[in-house]
Amino acid sequence: MKSKIFLCVMLMCIVFIGCKRKEKQVSTEWNTKAKAEQNKVHNKLLAIEKEQGWELLFDGKSLNGWHLYNNADSTKFGAWQVKDGMLFCDAKNQSKVWGDLVTDKAYEDYEFSFDWQIAARGNSGIFINVQEQPDILNTYHSGPEYQILDTDHMDYGTETKAPGCLYGFQKQINKVQVKETWQWNTSTIKQKDGKVEFYLNGILTAKEDFTTKSWSAQVAASRFGEFPEFGKHTKGKIALQNWYFQVWFRNMKIRTL
């Protein structure tokens, strides 16, 4: 009788220990994933990135380093704000001062990387080589555009207006689909000696040389030809477009090439 009781107790112990081990494995795996998600940081540079010369263009806390185009005194009243560690454009708020957000500094040879997310059916963009002058009324009057577009926007199927393309001039070099609405995309703009490359989620989408006669001819034949300063510069400010749609940015960093 005692031996049977002992055997039952042993079996129960083995089952209990096995369950605890399985529970521990599941718990450990879940905790690892949860901790990784919890510890994911944005708007920070790794040590290796600092060694490579990267600098943050957005600190996740303020609009330091940015101002409204041709209207710097009104920046704090603009649609651009910091929200939950993201640079957010509250474009639907009509009480806010309208305007694109531009860097305080001008850049020439650089690599610029950023994450972006846009509202449903949204349209926005990044302008480069922007010249900020009172007689140049808008950022797009001087700066070529990296197109940002949601999958449900009516222009999504228009080749020269596709996300990641050089807006209005060429279709994507390599076909890339942006992620679904409310998901983050990563983009990169590289410019060296006037030669520019656009990337969307790691894939090359546009390539142009702003120093060539071919580019000048393209501009002259386009609707941008009416703007005397458009596409003529290889150094200038970077601008974020305020274009009727809510848009979010994070992990904006730049380094000199």
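Owing to the predicted nature of the structure, the values given are computational and were not obtained by experimental measurement. (Residues numbered from 1 in each chain as written. Predicted model: local features only at pLDDT ≥ 70, side-chain atom pairs only at ≥ 80, totals over all residues. Heavy atoms only, no water.)

Re the overall build of the protein
Thinking step 1. A tally of regular secondary structure across the protein gives 3 helices and 13 strands.
Thinking step 2. Counting all 257 residues of the protein, 46% fall into the buried class.
Thinking step 3. For the protein, long-range pairs separated by at least 24 residues make up 68% of all intrachain contacts whose partners lie at least 6 apart in sequence.
Thinking step 4. As displayed, the protein offers around 14,600 Å² of accessible surface, 54% of which is attributable to carbon and sulfur atoms. (Helix = DSSP H or I, 4+ residues; strand = E, 2+ residues; numbered from the N terminus. Buried < 20%, exposed > 50% of the residue type's maximum accessible area, 1.4 Å probe, protein only. Contact = heavy atoms within 4.5 Å. Areas by Shrake-Rupley, 256 points an atom, 1.4 Å probe, with all protein chains shown as cover.)

Topic: the environment of Ser62
Thinking step 1. Along the chain, Ser62 falls in the loop between strand 1 (55–56) and strand 2 (66–68).
Thinking step 2. Between the alpha carbons of Ser62 and Gln81 there is a distance of 7.8 Å; along the sequence they are 19 residues apart.
Thinking step 3. Of the polar contacts made by the side chain of Ser62, one reaches the side chain of Asn64; its length is 3.0 Å. (Polar contact = N/O pair within 3.5 Å; in protein donor to acceptor, adjacent residues only side chain to side chain.)

Comments concerning unusual backbone geometry
Thinking step 1. One non-glycine residue, Asn70, lies in positive phi territory at about 55 degrees.
Thinking step 2. Mapped onto the elements of the fold, Asn70 is located in the loop between strand 2 and strand 3 (80–83).
Thinking step 3. Judged by relative accessible area, Asn70 falls into the partly exposed class, the value being 35%.
Thinking step 4. Here the phi dihedral of Asp84 falls at roughly 55 degrees; this positive angle occurs in a residue that is not glycine.

Focus on the confidence of the model for the protein
Thinking step 1. Residues with a pLDDT of 70 or more make up 85% of the protein, whose mean pLDDT is 89.
Thinking step 2. pLDDT under 50 marks residues 19–30. Its contacts with residues more than four places away, or in other chains, come to 0 contacts. (pLDDT = per-residue confidence, 0-100.)

Topic: the sheet that holds strand 7 (residues 123–130)
Within a sheet, each strand pairs with its neighbour through backbone hydrogen bonds, oriented either parallel or antiparallel.
Thinking step 1. Pairing is antiparallel in the open sheet, where 5 strands are placed in the order 2-5-12-7-8. On the outer flanks of this sheet lie strand 2 and strand 8 (145–149), each paired with one strand and no other. Between one strand axis and the next, the sheet turns by 20 degrees as a mean value, whatever way the strands run. (Pairing = 2+ DSSP bridges. Axes fitted to C-alpha atoms, helices over the stretch in contact; angles between N-to-C directions.)

A look at the nonpolar core
Thinking step 1. Counting residues in each nonpolar core, the largest one holds 45 residues, and the members touching the most others are Phe112, Ile126, Ile189, Phe249 and Met252.
Thinking step 2. Take this core: its biggest share by element is 5 residues, from strand 6 (residues 110–118).
Thinking step 3. Ignoring sequence-local partners within four residues, the contact set of Phe249 consists of Phe58, Trp80, Met86, Leu87, Phe114, Asp115, Trp116, Ile126, Ile148, Trp184 and Leu240.
Thinking step 4. Membership of the second largest hydrophobic core comes to 6 residues, among which are Tyr69, Val102, Phe127 and Val130. (Core = buried A, V, L, I, M, F, W, Y, C linked by side-chain atoms within 4.5 Å.)

As for the packing of aromatic side chains
Thinking step 1. Per the stated rule, a full pass over the model turns up 17 aromatic pairs.
Thinking step 2. Between Phe169 and Trp215, the ring centres sit 4.7 Å apart and the planes meet at 50 degrees, which makes this aromatic pair tilted. With Phe169 in the loop between strand 8 and strand 9 (185–192) and Trp215 in helix 3 (residues 213–221), this pair connects stretches of sequence that are 46 residues apart. Comparing Phe169 with Trp215, the two get one shared label, buried.
Thinking step 3. Members of the aromatic cluster, joined through ring pairs, are Trp80, Phe112, Phe114, Tyr146, Phe198 and Phe249.
Thinking step 4. Over the ring of Phe88 we find Lys83, and its NZ or CZ is 5.0 Å from the ring centre.
Thinking step 5. Stacked on the ring of Trp184, the Lys or Arg Arg250 has its end atom at 4.0 Å from the ring centre. (Phe/Tyr/Trp six-rings, centres within 6.5 Å; stacked < 30°, edge-to-face > 60°. Lys NZ or Arg CZ within 6 Å of the ring centre and 35° of its normal.)

A few points about the environment of Asn64
Thinking step 1. Relative to the elements of secondary structure, Asn64 occurs in the loop between strand 1 and strand 2.
Thinking step 2. The class for Asn64 is exposed, based on a relative accessible area of 56%.
Thinking step 3. Ignoring any residue separated from it by four or fewer positions in sequence, one finds Asn64 in contact with Leu57 and Asp59.

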